[in-house]
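# Chain and residue survey
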4 protein chains.
Amino acid sequence: MVLKIGVIGVGMIGQDHIRRCIEVLNGCEIVAASDINLEHVKAVLKKYKINGKAYTEGLDVISSPDVDAIIVASSGPSHEKYVLAAIEAGKPVFCEKPLAVTAEGCQRIVEAEMKAGKRLVQVGFMRSFDSCYRKLKEMLNTRELGEPLVVKCVHHNSEVGDSYTTDMGITDSMVHEFDIMRWLLDDDYETIQVVSPRITKYAHTGVQDPQLVLLRTKKGILITIDLFVNCQYGYDIRCDVVCEDGIAYMPSPLQVQTRTKGKFGEHVNTDWRERFIVAYDIELQSFIDNAKNNIVMGPSAWDGFIASKTAAAGMKALESGEIVSVNLPQCPSFYKK
Amino acid sequence: MVLKIGVIGVGMIGQDHIRRCIEVLNGCEIVAASDINLEHVKAVLKKYKINGKAYTEGLDVISSPDVDAIIVASSGPSHEKYVLAAIEAGKPVFCEKPLAVTAEGCQRIVEAEMKAGKRLVQVGFMRSFDSCYRKLKEMLNTRELGEPLVVKCVHHNSEVGDSYTTDMGITDSMVHEFDIMRWLLDDDYETIQVVSPRITKYAHTGVQDPQLVLLRTKKGILITIDLFVNCQYGYDIRCDVVCEDGIAYMPSPLQVQTRTKGKFGEHVNTDWRERFIVAYDIELQSFIDNAKNNIVMGPSAWDGFIASKTAAAGMKALESGEIVSVNLPQCPSFYKK
Amino acid sequence: MVLKIGVIGVGMIGQDHIRRCIEVLNGCEIVAASDINLEHVKAVLKKYKINGKAYTEGLDVISSPDVDAIIVASSGPSHEKYVLAAIEAGKPVFCEKPLAVTAEGCQRIVEAEMKAGKRLVQVGFMRSFDSCYRKLKEMLNTRELGEPLVVKCVHHNSEVGDSYTTDMGITDSMVHEFDIMRWLLDDDYETIQVVSPRITKYAHTGVQDPQLVLLRTKKGILITIDLFVNCQYGYDIRCDVVCEDGIAYMPSPLQVQTRTKGKFGEHVNTDWRERFIVAYDIELQSFIDNAKNNIVMGPSAWDGFIASKTAAAGMKALESGEIVSVNLPQCPSFYKK
Amino acid sequence: MVLKIGVIGVGMIGQDHIRRCIEVLNGCEIVAASDINLEHVKAVLKKYKINGKAYTEGLDVISSPDVDAIIVASSGPSHEKYVLAAIEAGKPVFCEKPLAVTAEGCQRIVEAEMKAGKRLVQVGFMRSFDSCYRKLKEMLNTRELGEPLVVKCVHHNSEVGDSYTTDMGITDSMVHEFDIMRWLLDDDYETIQVVSPRITKYAHTGVQDPQLVLLRTKKGILITIDLFVNCQYGYDIRCDVVCEDGIAYMPSPLQVQTRTKGKFGEHVNTDWRERFIVAYDIELQSFIDNAKNNIVMGPSAWDGFIASKTAAAGMKALESGEIVSVNLPQCPSFYKK
Ligand SMILES: [Mg+2]
Ligand SMILES: [Mg+2]
Ligand SMILES: [Mg+2]
Ligand SMILES: [Mg+2]
């Protein structure tokens, strides 16, 4: 059996998912796609030699009887509508982040999915499919090193355009850490604080870069996130976990080390695409494999909701400079893992 | 379309391929299997819930009209017969190493395949499917570091049983390097020398361990292979390539580094299964994906033949202590890449 | 010329300095020593075959006409008295930390030294003599990496006895970072915050371990200190400096890497003695070499005073959980470097 | 007491030793120096503000009653004469390598020194004073890793001038490994083989670069030396010791690691001066400290003799391409350590 997928939104990310389905993944085909610009949808389908239907309205993709499962890759504000419609239609939906642009929107999705009585939504947080994070979690799960006490994250990015704001550091960049730390530690947040260090000369005017976030979990674990989006040297995601009996360091992706031109060393990833390209493949293959068995796993609507709530608390912490309560609701048993 | 596979030999390796096809790989099913012990075949098929035919004769697997492609995982001396029959039947065949137990046997396969007019044989050298070797080759292919001059291989294994002989160091262990170095360097061998260092106390009586082999290629590249099959500390495959403008070091597989119990470090692979498990998966998936398109790629019968010829020269070098000519025949255009 | 040294206090640290002068360093001899227990002084002098004077009163060591320079290694509360007396006598004095037990005591020493019109006091902060810190500072001073923005310190210690309190984390352990960060960054502190993560099961009752301190400097640099005094795995001092154009990582001391028993890695230092033993040697040799030329360099009374002020602010931050002003006075030109 | 040193030869190396004695080391002064060019000696003495005697004849330095100990830094062919004269005068002599330009010359020095009845000669092999080699030897001496079986040396140099010949690879470059391997392993050589890999495009016409040397010791240990004197990337000395229970890797000198400009890595030493500068200091300080106590330690005339004999066998091996016997004489008890 082959999973028939409809794609809503064929901008950069949507097209990338189409390419992935066609060229990299197994067990799926693209049967429909939509975009506000119909000619654009047709051009994309043609480019990948796809004999599928082209729509201007995403809801038509969802209601198309050919379509088994949905990928939502349209603009952020439209996500909620499409995800709710997919739930309504009872079709598995893979939704790029954000799940919704507000915590309230996420909550509406959570409620709709619970009402539907089964998981239908996978949110596009790809890090839990990355082999570096997985290796780290495996090690922690052995409990060889005892309980985690302090986790130090690094999230460095070469440079950002001038549309990037200080807020986006929290809502777009660190939201990945907000999600993956819950996955890694099986824990939730109690408080968040945002610290603003000396600003790099490479930051655009008015942008606070770097930023340091401190999260405290219900178990008392302290998480620091060192975000630096104009770090110049490359894209660099790291995670050190200080435990009672030792420290675990997340590995970096495989690189050939060299000695050349007076240096011993290795390449640092250039950007997030290069760093996580395999994770994106595994993430979507996993969605496909599960959808064929009529199940949905991976990051849930609840995870998207919590990430959104945490980011909202982070925004308050940024504005106030204070330690702010995250106030997360209890996880319903429906979403317990 | 699903590739229907017949498996000849359901010992440890054959069973492992069956497990792989069932649990890990895509696009294939097992439809037949053989073993001298029929009850054993039936038990294996049952274990994996396979509704396939059980034979005592491998040739029946090959001639079965259900079977699209063959995996040969029987004992070494039977490989030649089965591969020749598969060629005769025009069916793609994946043959575990050795392709044949003599260079002459390999040559007969090469000749049969050339006569058949298309590649049908993939030999089970898995290293070219390993991401560490691939990363290294990519780096070398950029020619950023200029031409390779000296390659230093390490092939260390924790320990071997008492059936392991000095000869097997060359014919079973280093044969992997004999193959992969040709792939890495696009080169062939001219001479081989075997050097016998001080013997570890862990070697069984009469076994020379470690051994150092020196290969000289047609381009003059010097390859050293430091083989040590009772190294105690783990399974460790490394490869440093000294080039005109720098050195490239093959990466080791991803490991979580830790600081614990007075040490900073990481796990060394325990054995070849752990080290190359993913490469085995990719190797066979690649065979399957290609066979479905009616082509065969990867290590060829010619590669198996050359590895065998090189090992034979290595045996002469071991016995004589001299630098021995490898005398490789010219590669027919049929096998040129 | 040989520098004639008098040692006040022959407990563990005093004896260690005597051993160092006798067995390791050049250009000095021990001519007098004191301790409340006269028999103990005599025994120590005898043990090292020193033909020197034994006193019960440290002031007698200082006033002895034989003595060119003083080492103060007595109990903390007596330091101020002896350092003031050495200044009064115009003799160079090396004082183990703390310079005085209160910031006010340190200030009295600063004032006395300024009145004396020349530097006479070196405080026993040894880290600036450590080759790892020196290498790091050299690198930063090239400004190849631009301005420092965030500095992440690790100060991990295997275990502490049950007399160790939470306060000592700040006043005894992190005081080393308080000093060395000013040296590394040529900067002073504005605020300090103490964060209390989940407590390790290895902490004695009532002790907060680990602790995380955040310091903000006048230039806006953010310094984090991850202190963990029951980390079990060894003694580990690290420092990552995130700059505008890259990150510098302080090296660890030279260790032989090994592959053995299933691990690739290296020894982590066992304790601070092992980690800093060479720095202690260089620190005191530097004092001796300078004293022979009638000068005093290295960590000054002012540095001791500022470390003490910072620790006092740290104590307030620990108690309140708030971000506390450090309120450092302006450095007098007398102490400018 | 201060050791009064006379320096024979004030070329680059002689001047460097003078600078070292004046600016870096303790317990010595320069009281005389010689050079064929008297004005040059005077200029050098003046440059370092040395009030010493200037001679044109090195023998006058040796016979000067002011002089306690000699440094021989003149041209190679004159070393033997001066060392013999220093022995005759009963004065400790530090002789830069080579001890003499022939094995016979070295032997004459050995005989003279044995006749004198006490060690007077230290040869300028500095590597045993290098902390990286010392750390490695300490580790091996614990026997934690069992007996050494194979040692893999790397001796890479950025580039050489056009006066550098293939022979010099053996007599000037690898002679350092010939000496240090005996020190490291407490062993002597039986055979030597020279292998000539593909030549780098950076080698001057007629020069074989890289070269690989294989030494076999009396205990059967196999030593490989990978010499590459136009490696372009820097100066790089490494040593991996494969033992029965694991591998020890000699550390490289401390470097600050960085992430910058798309690379994670560290500086490789530029040349041998930078790599071994501290070893040169310790080497000569050790000579001085010992000479003040009327003893001589460190690399002996015997060591210089054996290095010379090994290099001579290496030359034969280079010419013949064969495995050549080194034929080392038994070490007299006079030189046993
Ligand atoms: Mg995503
Ligand atoms: Mg295989
Ligand atoms: Mg100290
Ligand atoms: Mg030398």
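These lines cover the structure that appears in this document, whether it is placed above or below. The structure displayed is predicted, hence computed values, not measured ones. (Residues numbered from 1 in each chain as written. Chains lettered and ligands numbered in written order. Predicted model: local features only at pLDDT ≥ 70, side-chain atom pairs only at ≥ 80, totals over all residues. Heavy atoms only, no water.)

## A closer look at the sheet that holds strand S3 (residues 53–55) of chain B
By way of backbone hydrogen bonds, the strands of a sheet pair with one another, either parallel or antiparallel. All names here are of chain B. A sheet is described by the order of its strands in space; here six strands give the open sequence S3-S2-S1-S4-S5-S6, paired in parallel fashion. Since the sheet does not close on itself, it has two edges, and those belong to S3 and strand S6 (121–123), each with one partner. Going from strand to strand, the sheet's axes swing by 25° on average, the running direction of each strand aside. Of the strand pairs in this sheet, strand S4 (residues 69–72) and strand S5 (residues 93–95) are connected by three bridges, and their pairing is parallel. (Pairing = 2+ DSSP bridges. Helix = DSSP H or I, 4+ residues; strand = E, 2+ residues; numbered from the N terminus. Axes fitted to C-alpha atoms, helices over the stretch in contact; angles between N-to-C directions.)

## Structural notes on the interface of chain A and chain D
Between chain A and chain D, the contact holds 14 residues from the first and 14 residues from the second. A combined buried area of about 1200 Å² lies between chain A and chain D, and 49% of that area is made up of carbon and sulfur atoms. On the surface where chain A and chain D come into contact, there are two salt bridges. Close ionic contact of Asp236 of chain A with Arg259 of chain D constitutes a salt bridge, the shortest N to O distance being 3.5 Å. There are six residue pairs in polar contact (both at pLDDT 80 or more) connecting chain A and chain D. Secondary-structure elements contributing two or more residues to the side of chain A that touches chain D are strand S11 (236–243), strand S13 (257–260) and strand S14 (263–267) of chain A. With five residues, S14 of chain A is the single largest residue contributor to the side of chain A that touches chain D. Residue composition of the side of chain A that touches chain D, grouped by class: three nonpolar, five polar and six charged. Of the pairings in the sheet, the one linking S14 of chain A to strand S14 (residues 263–267) of chain D comprises five bridges and is antiparallel in character. Bridging across to S14 of chain D, Gly265 of chain A finds its partner in Gly265 of chain D. (Contact = heavy atoms within 4.5 Å. Buried area = accessible area lost by both parts, 1.4 Å probe. Salt bridge = Lys/Arg side-chain N within 4 Å of Asp/Glu carboxyl O. Polar contact = N/O pair within 3.5 Å; in protein donor to acceptor, adjacent residues only side chain to side chain. Nonpolar A, V, L, I, M, F, W, Y, C, P; charged D, E, K, R; others polar.)

## Re a nonpolar patch on the surface
On the surface, Ile277, Val278 and Ile282 of chain A cluster together into a nonpolar patch covering about 240 Å² of accessible area. With respect to the helices and strands, the residue Ile282 of chain A is situated in helix H9 (residues 272–292). (Patch = residues over 30% accessible without salt bridge, like charges linked within 9 Å, V, L, I, M, F, W, Y side chains within 5 Å. Areas by Shrake-Rupley, 256 points an atom, 1.4 Å probe, with all protein chains shown as cover.)

## Things to note about the packing of aromatic side chains
Per the counting criterion, the structure on display carries 28 aromatic pairs over all chains. Considering the side-chain rings of Trp302 of chain B and Phe305 of chain B, the 5.3 Å spacing of their centres and the 65° angle between planes classify their relative orientation as edge-to-face. One end of the pair is Trp302 of chain B and the other is Phe305 of chain B, both in helix H10 (residues 301–320) and three residues apart, which spans about a single turn. Across the pair, exposure class does not vary: Trp302 of chain B and Phe305 of chain B are buried alike. Their ring planes at 80° and their centres at 4.7 Å tell us that Phe334 of chain D and Tyr335 of chain D sit as a pair that is edge-to-face. Looking at Phe334 of chain D, the relative accessible area reads 25%, which means it is partly exposed. Residue Tyr335 of chain D is classed as buried on the basis of its relative accessible area of 6%. Ring-pair connections join several aromatic residues into one group, and the members of that group are Trp302, Phe305, Phe334 and Tyr335 of chain A. (Phe/Tyr/Trp six-rings, centres within 6.5 Å; stacked < 30°, edge-to-face > 60°. Buried < 20%, exposed > 50% of the residue type's maximum accessible area, 1.4 Å probe, protein only.)

## Points about the pattern of salt bridges
Taken as a whole and assessed by the stated rule, the structure comprises 72 salt bridges over all chains. Linking Arg238 of chain A and Asp236 of chain A is a salt bridge whose minimum nitrogen-to-oxygen distance equals 3.0 Å. Taking the relative accessible area as the measure of exposure, Asp236 of chain A reaches 4% and is therefore buried. Linking Arg20 of chain D and Asp16 of chain D is a salt bridge whose minimum nitrogen-to-oxygen distance equals 3.1 Å. Separated by four residues within a single helix, Arg20 of chain D and Asp16 of chain D lie in helix H1 (residues 12–24), roughly one turn from each other. Taking the relative accessible area as the measure of exposure, Arg20 of chain D reaches 1% and is therefore buried. Judged by relative accessible area, Asp16 of chain D falls into the partly exposed class, the value being 29%. Salt bridges sharing common partners tie together Asp16, Arg19, Arg20 and Asp281 of chain A.

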